[in-house]
Amino acid sequence: MSNLVLKYTVDNEDFTRAGEASSDVKKKLKMMGVPPEAVRKVAIAMYEGEINMVIHADGGEITVEITPTQIVMVLKDKGPGITDIEKAMQAGYSTASENIRALGFGAGMGLPNMKKYSDEMDIDTVIGVGTTVTMKVNI
Amino acid sequence: MTIADVKRLLNAEILCGKEYVSKDVHTACGSDLMSDVLAFVKDQSVLLTGLCNPQVIRTAEMMDIICICFIRGKKPEENIIELAKDRGLVVMTSPLRMFEACGELYANGLSGGELLE
């Protein structure tokens, strides 16, 4: 069986729509009969990533590949890049604006949550060019 | 405890999902920070929040939370309720403040669940 690949464009124009891609992936994985624990891990990790793309990077592209053994999410943006990854990985550290905090995000838990819910995570970032986050969840 | 018990204890009004009130709830979480909610994993939970935007519904959806209670009498806009209806969630509004709402549920046997470390 060939792997299923899903592609999404995340735009930054409307914060209220952030999470639509993650919601769609969750629905599709459920329908495919992927175990609930893996579905939830993918949904949360991708949702945090999607929110990050909207908050920090003017949106971007997400590709989700579903293989028989794992789900691979690649989140690619053309944002400002992450200056200090070590700091960004610390729970509670955030560069988000007050405006974003008022919406319930920017608590400095995005990247830590993404790492927590994925079995493998890799961040490739170049200042001024963009960031690509790859997350894998085993089925 | 069922969702109907939560409604009674919090003196709440149900805004959507009346058909699901006999469902059991096992844990609860009270927060206005959605990233903190996303750090918490437990099935069949209630979310108590003072935050009123569509991301509350999406967060609940990702976490498999089955009931959301807006506190301090807050009522979300119709588009938020529509989103919740579409996801099969129960949404209610309670006049209680966060501390009181959490206290009522805790005192009546709901726990906070576990953090995923």
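Notes on the structure in this doc start here. (Residues numbered from 1 in each chain as written. Chains lettered and ligands numbered in written order. Predicted model: local features only at pLDDT ≥ 70, side-chain atom pairs only at ≥ 80, totals over all residues. Heavy atoms only, no water.)

Considering the pattern of salt bridges
Formally: We define a salt bridge as a side-chain nitrogen of Lys or Arg found within 4 Å of a carboxyl oxygen belonging to Asp or Glu. Secondary structure elements follow DSSP: runs of H or I of four or more residues count as helices, runs of E of two or more count as strands, with numbering from the N terminus. Only protein chains enter the accessibility calculation, which uses a 1.4 Å probe; a residue is then buried when its area is under 20% of its type maximum, exposed when over 50%, and partly exposed in between.
Applying the stated criterion across every chain yields a total of 14 salt bridges over all chains. A salt bridge links A:Arg40 to A:Glu37, with the nearest nitrogen and oxygen atoms 3.4 Å apart. Here A:Arg40 pairs with A:Glu37, and both are found in helix α2 (residues 36-56), just three residues apart, close to one helical turn. The class of A:Glu37 is partly exposed, set by a relative accessible area of 45%. Across the pair B:Glu13 and B:Lys75 runs a salt bridge, and its minimum N-O distance is 3.4 Å. Of this pair, B:Glu13 sits in strand β1 (residues 13-16) while B:Lys75 sits in the loop between β5 (67-70) and α4 (78-86), and the two are 62 residues apart along the sequence. Overall, the relative accessible area of 40% leaves B:Glu13 in the partly exposed class.

Some points on the side chain of B:Ser35
The line we're drawing: By definition in these notes, contact holds between two residues if any of their heavy atoms fall within 4.5 Å.
The residue B:Ser35 is located in helix α2 (residues 34-37) in this model. For B:Ser35, the contacting residues outside a window of four places in its chain are A:Glu48, A:Gly104, A:Phe105, A:Ala107, A:Met109, A:Gly110 and A:Asn113.

Thoughts on the sheet that holds strand β5 (residues 130-138) of chain A
All names here are of chain A. Inclusion rule: DSSP-based pairing: two strands are paired if at least 2 bridges between them are found. Note on geometry: axes are lines fitted to C-alpha atoms, helical ones only across the stretch in contact, with angles between N-to-C directions running from 0 to 180 degrees.
Pairing is antiparallel across the open sheet formed by five strands, whose spatial order is β1-β2-β3-β5-β4. The sheet terminates laterally at β1 (4-10) and β4 (120-126), the two strands that pair on one side only. Mean inter-strand twist for the sheet, computed between neighbouring axes without regard to direction, equals 10°. The strands touched by helix α1 (residues 20-31) are β1, β2 (60-66) and β3 (70-77); relative to β1, the strand with the most contacts, the crossing angle is about 160°. Packing against the sheet, helix α5 (residues 110-117) makes contact with β4 and β5, and its axis sits at approximately 140° to β4.

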